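# Examining the three-dimensional arrangement
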Amino acid sequence: MNLVSSLAHATRPALRLVAAATLLGILPTHAADKFTYLTNWYAQAEHGGFYQAQATGLYSKAGLDVTIKMGGPQVNLMQLLVAGQADCIMGYDVQTMKAWEQGIQAVTVAAAFQKDPAVIIAHPDVKKFEDLKSRTILVGSAGMVTYWPWVKTKYGLTDAQMRPYTFNIQPFLADKNIAQQGYLASEPYSIEKQGGIKPSVFLLSDLGWPPYATTIVCTADTVKNKPKQVAAFVKASMEGWKSYLTGDPSPANALIKKDNPNMTDDLIANGIAKMKEVGMVFGGDAARQGIGVITDARMKQTYDMMVTHKLLDPSKVDVKKTYTTQFVQNLKVMP
């Protein structure tokens, strides 16, 4: 036996073992792609679909090794996105369009929330939004440059009645003449628990406020260079939202409480109930076109609103560059 035939003979058993192992699924076929998603706040029910996809293996099944990182009050999401600290971030249309004005090419690729959860909260005697003309309204710094110019014009409110909101509900509880901003599943619940009153809650999106929320935003480079990974993340995330709101949410809730020990079961349950009640994820265009959908018409509506209220310089921002429908138009993860 010559050297060549000897080597071939010697390697046959090893090759057979490799083949057998591959058939049995013992050997790895392909390493999962690492993918980091940065949320906009501490872990909560409003992030549940992403945590559900993580907890139930939907990301792994899609070939992704996903890391979910929490945002917070001192976290500049856009800055970290541009610095490459995250593949995508949890965004908001107004913020993303403003980023282009500053030269940051941030692209919305999907919208988990068809409605922005921003609300104005008033005392129970306020029956309709127009009644707020006689009230003091507490608005946060971000609200002053997003929804406040819109709501002020639409309902005839004035800057003279607006005061800064310091993320403290005590002024509201102490003064029946005060209304304040909040988020649907947060401040109204705290007011009810601490103050013993059921406040009037006005969801701005139900009044015509157009932006999507809890979006997936990536850089234009990531969309161009990692389209398979972005597509996989979007699909698995929307499957996660469907599972979280129609199935057993406990896998996600365990991860939420691990990341944010201050989150309680009752707060999570309230968040889930409110999202279902108002059609946050399953409503609007998602009911017909699938979870996560974004449309040209809706994006133009937000863009036009921002231009009208001088929140955006149209000479610096091409609305069609601020988003893409390529990852959601044929996704069809139906509620």
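The coordinates are above.
All values derive from a computational prediction rather than experimental measurement. (Residues numbered from 1 in each chain as written. Predicted model: local features only at pLDDT ≥ 70, side-chain atom pairs only at ≥ 80, totals over all residues. Heavy atoms only, no water.)

The next subject is the sheet that holds strand E4 (residues 106–113). Pairing is mixed in the open sheet, where five strands are placed in the order E2-E1-E3-E10-E4. The open sheet has two edge strands, strand E2 (64–69) and E4, and neither has a second partner. Put simply, the sheet's adjacent strands are angled 30 degrees from each other on average, direction ignored. Sitting on the sheet, helix H2 (residues 48–55) touches strand E1 (33–38), E2, strand E3 (88–92), E4 and strand E10 (213–219), and the angle it makes with E2 is about 140 degrees. (Pairing = 2+ DSSP bridges. Helix = DSSP H or I, 4+ residues; strand = E, 2+ residues; numbered from the N terminus. Axes fitted to C-alpha atoms, helices over the stretch in contact; angles between N-to-C directions. Contact = heavy atoms within 4.5 Å.)

Let us now look at the pairing of E2. Burial along E2 is one-sided: Leu-64, Val-66 and Ile-68 are buried, while Asp-65, Thr-67 and Lys-69, pointing the other way, are not. In this sheet, E2 lies alongside E1 in parallel orientation, the contact comprising six bridges. In the sheet register, Phe-35 faces E2, and the bridge partner there is Val-66. (Buried < 20%, exposed > 50% of the residue type's maximum accessible area, 1.4 Å probe, protein only.)

Once that is clear, we can look at the side chain of Gln-181. Mapped onto the fold, Gln-181 is located in strand E8 (residues 178–183). Only 2.7 Å separates the side chain of Gln-181 from the backbone nitrogen of Gly-140, close enough to count as a polar contact. For Gln-181, the residues in contact, after removing those within four places along its chain, are Val-119, Ile-120, Ile-121, Leu-138, Val-139, Gly-140, Gly-143, Tyr-147, Tyr-165, Phe-167 and Glu-187. (Polar contact = N/O pair within 3.5 Å; in protein donor to acceptor, adjacent residues only side chain to side chain.)

In the structure shown here, the tally under the stated rule is 13 aromatic pairs. Judged by centre distance (5.3 Å) and plane angle (55 degrees), the ring pair of Trp-41 and Tyr-42 falls under tilted. Judged by its relative accessible area of 37%, Tyr-42 falls in the partly exposed class. On the basis of an interplanar angle of 45 degrees and a centroid distance of 4.9 Å, the ring pair of Tyr-165 and Phe-167 is categorised as tilted. Residue class for Phe-167 comes out exposed when judged on its relative accessible area of 60%. Each member of the aromatic cluster is reached from another via a ring pair, and the members are Phe-35, Tyr-37, Phe-50, Tyr-59, Phe-113, Phe-233, Trp-241 and Tyr-244. Above the plane of the ring of Tyr-212 lies Arg-298, whose end atom (NZ or CZ) is 4.1 Å from the centre. (Phe/Tyr/Trp six-rings, centres within 6.5 Å; stacked < 30°, edge-to-face > 60°. Lys NZ or Arg CZ within 6 Å of the ring centre and 35° of its normal.)

Next up on the list: helix H5 (residues 93–101). Within the sequence span of H5, burial applies to Asp-93, Val-94, Thr-96, Met-97, Ala-99 and Trp-100. Of the surrounding secondary structure, the elements contacted by the buried residues of H5 are helix H4 (77–82), E3, E4, E10 and helix H15 (296–308). Backbone geometry just downstream of H5 places Gly-103 in the positive-phi region, at approximately 90 degrees.

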